[in-house]
Amino acid sequence: MSKSLENLYSETRQFPPPEALAAEANVKAEAYERAAADRIGFWEEQARRLTWSKQWDQAVDWSNPPFAKWFLGGELNVAYNCVDRHVEAGHGDKVAIHWVGEPEDDTRTVTYNDLLKSVSQAANALTELGVTAGDRVAIYLPMIPEAAVAMLACARIGALHSVVFGGFSVDALSTRIQDADAKLVITADGGYRRGKPSALKPTVDEAVAQCPSIEHVLVVRRTGQDVTWGEKDLWWHDTVEQASPEHTPQAFDSEHPLFILYTSGTTGKPKGILHTTGGYLTQVSYTHNAVFDLKPETDVYWCTADIGWVTGHSYIVYGPLSNGATQVMYEGTPDTPHKGRFWDIVDKYKVSIMYTAPTLIRTMMKWGDDIPAKYDLSSLRVLGSVGEPINPEAWMWYRENVGREKSPIVDTWWQTETGGIMISPLPGVTASKPGSAMTPLPGVSADVVDDTAEPVPNGGGGFLVLTEPWPSMLRTIWGDDKRFIDTYWSRFGAGAASQPAPGPSDGAENQNRSAAQGHGDKWIYFAGDGAKKDDDGDLWLLGRVDDVMLVSGHNISTTEVESALVSHPSVAEAAVVGATDPTTGQAIVAFTIPRGNVDTAGDAGEELIKELRNHVAKKLGPIAKPRQIMLVPELPKTRSGKIMRRLLKDVAEHRSLGDVTTLQDSAVMELISSGMKDRKSED
Ligand code: ATP
Ligand code: MG
């Protein structure tokens, strides 16, 4: 990508916060000024949300960038903060987790008392098995309460967890176990997916055979299906549930490592992101309270992410539990046994805050408005989105069909690497725009810069960067400081200037190093995402810079073309890539999923394609008119539901496919490739 990104999409709708919510909001407009006046002091104020066994001496040490330390000298126990202190405050009978299994009527209610008992027992059992502070524990579980218990038990004894998504293969699991050198795996016989038990244990058996570091495998009985039993295997109910429920938490240093989590793998080889204790918990606790306006006494919160992703770590386990929230946790898929399952759960538990992903919202759009319309949904008061840019039309659909035009939407931008939310509206302050993440949260410093690290003016597009350290920032890539520096810190600012020659490249992440000094000689974190500032200076995420298309000398973001397509009433979802083109350098190729009720057979499909190409040209200008549009039933997505554009690019350029290990469903690619061969260029 050269100089900067085009700004083609314009959006004029804007929705102020509901008055009643604004009046009672946890965080008000003054927080922005307070944080700007004393950023470090503001973070110290947030750290005081937690219970520290020993007060910190120094808020931040940034003397050895890019290696940050926060709340130096402070000590705390994360599990104590998420569990014990709520019980001590008299909230032991309060529900922590309303657990909903996929089979209907398979539910559990977990109070903070229950959680304290289970976490203490698990901490004792892990200790008994020889796990001590600093050891690594792999967790490979379905969405059951034991997943949260296992994570908290690790945190309680200072062991690092590495949660691996329960849908991953033997290879993905074993490479992650080996990379972290874990000594224990916590798993289950299986979990329920799409209406039937889906086994986990056989995958673990195969993986463990390749992982000599593993001493024990702890197995939760969830489905009751048959399992092969080996020497290292222990049942959770024979060990954890027999252990003493008394456990005294020990305080750990603020910089003690808390967990390793591998990124989603959208762009290639996943990175083992390391997070530590005090700064991480401070930021997830603060952001969960501020962004969702959580009122722990009355709200019922539900984050639909899997525990295997960072969203599950920060906004199912550590953020909500540190805040004493009551939440719903759901095991299964959104269409089991029927496509209204989510809305059923919202009504049954009176969910008031819902946090989900654009991929789900677009799927619901595809299924049709009539499904949510059958439900009450009046308990909802704040809606959140994370994981990808949310197309303005998907945002509007969410607002109208789920929020019933009364709930503010918070589009939250952040990454595994940032640990917590960085850019988002505040529901009681911000007048939001559909599709915009709006502004950095109080305490966060972000900017959009051009390739010389100069901030772009309002109306301009470029690279999203973070210009000051933040408490929940990653501390490194596990075992690979060099990759950490190369990937995130070597493109702009002091990190670029201090590198005389490009080192070994980490894929496309590390090209076009720039030694320019747009933000003085600061260390600047490059997120890998493109973004623009609109005329008011509000931020719009434009997708990964690796995906940006260069069409006749213009840098065009995939997001804007996708949003233009989704703004057509016949389209539910779209993915756009730049394919090599003899005349324009790259040409825009779009893969489009029509909404459920749209006829695409024969001529109707051809007509729709023509109409869509013109629609994009009208919305964004002729430069963005796709060369080719394919109507497809599905798109290739990662296990966390993000579109994998690089695979579509392989298809569009008639290459064999790159790494597909993080792909959700490999049959999708065959479907798309065979459709591609049938069609010629549309011009
Ligand atoms: P990998 O780094 O291995 O390719 P990944 O980037 O998909 O995987 P995550 O850390 O889960 O792994 O995702 C973070 C990325 O998701 C962001 O960098 C951004 O591209 C995208 N993202 C997350 N939230 C938003 C949002 N609200 N708006 C736009 N993009 C978002
Ligand atoms: Mg990433």
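Report follows, based on the coordinates. As a convention, each chain's residues are numbered from 1 in the sequence order in which they are written. Working convention: letters from A go to chains and numbers from 1 go to ligands, in the order in which they are written. Predicted model: local features are reported for residues with pLDDT of at least 70 only, side-chain atom pairs are reported and counted for 80 or more only, and whole-chain, interface and lining totals are derived from all residues. Side-chain numbers come from the whole structure's heavy atoms, not from hydrogens or water.

Secondary structure summary: the chain contains 21 helices and 30 strands in total. Just to be clear, the radius of gyration here is over C-alpha atoms, and the globule rule we use is 2.2 Å times residues to the power 0.38. Taken over C-alpha atoms, the radius of gyration comes to 24 Å for the chain, in line with the 26 Å a tight globule of 683 residues would show. Taken over the C-alpha atoms alone, the chain extends approximately 70 × 55 × 55 Å along its principal axes. When the 683 residues of the chain are sorted by exposure, 65% land in the buried category. Accessible surface area values rest on a Shrake-Rupley calculation with a 1.4 Å probe, where residue burial reflects the displayed protein chains alone. Accessible surface, the chain: about 24,000 Å² in total, of which carbon and sulfur atoms supply 49%. For the purpose of charge, His is not counted, nor are the chain termini; Lys and Arg are scored as positive and Asp and Glu as negative. The location of each charge is read from NZ of Lys, CZ of Arg, CG of Asp or CD of Glu. Both charge centroids of the chain, one from 65 positive and one from 91 negative side chains, sit 2 Å from each other. Only DSSP runs of H or I reaching four residues or more are called helices, and only runs of E reaching two or more are called strands; each is numbered from the N terminus. Exposed residues in this analysis have more than 50% of their type's maximum accessible area, buried residues have under 20%, and partly exposed residues fall in between, with area computed by a 1.4 Å probe over protein chains only.

Attention now goes to the site of ligand 1. Any residue with a heavy atom positioned within 4 Å of a molecule or strand is treated as near that molecule or strand. Surveying the vicinity of ligand 1 reveals 21 residues, the closest of which are Thr263, Thr266, Thr267, Thr416 and Lys642. Pairs of N or O atoms within 3.5 Å make up the polar contacts considered here, provided that, within protein, one atom can donate a hydrogen while the other can accept it, and that residues adjacent in sequence are counted only when both atoms are side-chain atoms. For ligand 1, an oxygen atom lies 2.6 Å from a polar atom in the side chain of Thr263. At 3.3 Å from an oxygen atom of ligand 1 is found a side-chain nitrogen or oxygen belonging to Lys271. Bound to the protein, ligand 1 loses 95% of the 640 Å² it would expose on its own.

Attention shifts here to the nonpolar core. Counting residues in each nonpolar core, the largest one holds 137 residues, and the members touching the most others are Leu115, Ile186 and Tyr318. Among the elements that take part in this core, helix H6 (residues 145–157) stands out by supplying 10 residues, more than any other. Of the domains in this structure, domain 1 (113–250) and domain 2 (446–533) are the two that each give at least three residues to this core. In this description, contact between two residues means that some pair of their heavy atoms is separated by no more than 4.5 Å. With sequence-adjacent residues up to four places away left out, Leu115 is seen in contact with Val83, Ala96, Val110, Val149, Leu152 and Leu321. Remark: nonpolar core denotes a set of buried residues (Ala, Val, Leu, Ile, Met, Phe, Trp, Tyr, Cys) joined through side-chain atoms within 4.5 Å. With 53 residues, the next largest nonpolar core counts Ile345, Leu360, Ala564 and Leu608 among its residues. Domain delimitation follows an automatic or database domain assignment.

The next subject is unusual backbone geometry. With an omega of 5°, the peptide bond running from Pro65 to Pro66 counts as cis. Tracing the backbone through its elements, the reader meets Pro66 in the loop between strand E1 (58–61) and strand E2 (69–72). The omega angle of the peptide bond from Thr336 to Pro337 is -5°, so this bond is cis rather than trans. Among the secondary structure elements, Pro337 is positioned in the loop between strand E17 (326–330) and helix H12 (341–349). Positive phi outside glycine occurs at Asp293, with the angle close to 55°. Mapped onto the secondary structure, Asp293 falls in the loop between helix H10 (278–291) and strand E16 (300–303). Classification of Asp293 as buried rests on a relative accessible area of 2%. Despite not being glycine, Met438 shows a phi value in the positive range, around 70°. With respect to the helices and strands, Met438 occurs in the loop between strand E20 (409–411) and strand E21 (446–449).

What follows is about the packing of helix H7 (residues 170–180) against helix H8 (residues 201–209). Close contact between H7 and H8 brings their axes to 9 Å; oriented N to C, the two are set at 50°. What the angle tells us is that H7 and H8 run oblique. Between H7 and H8 lies a crossing whose hand is right-handed. Judged by residue contacts, Val170, Leu173 and Ser174 of H7 engage Thr203, Val204, Glu206 and Ala207 from H8. Three classes are used, and their members are as follows: Ala, Val, Leu, Ile, Met, Phe, Trp, Tyr, Cys and Pro are nonpolar, Asp, Glu, Lys and Arg are charged, and the others, Gly among them, are polar. Per-class residue counts for the contact of H7 with H8 are 4 nonpolar, 2 polar and 1 charged. A fitted line through C-alpha atoms represents every axis, and for helices the fit uses only the stretch in contact; the resulting angles, taken between N-to-C directions, go from 0 to 180 degrees. For this classification, under 35 degrees means roughly parallel, over 145 means roughly antiparallel, 65 to 115 means roughly perpendicular, and everything else is oblique. Rotating anticlockwise by less than a right angle from the far helix to the near helix defines a left-handed crossing, while the corresponding clockwise rotation defines a right-handed one.

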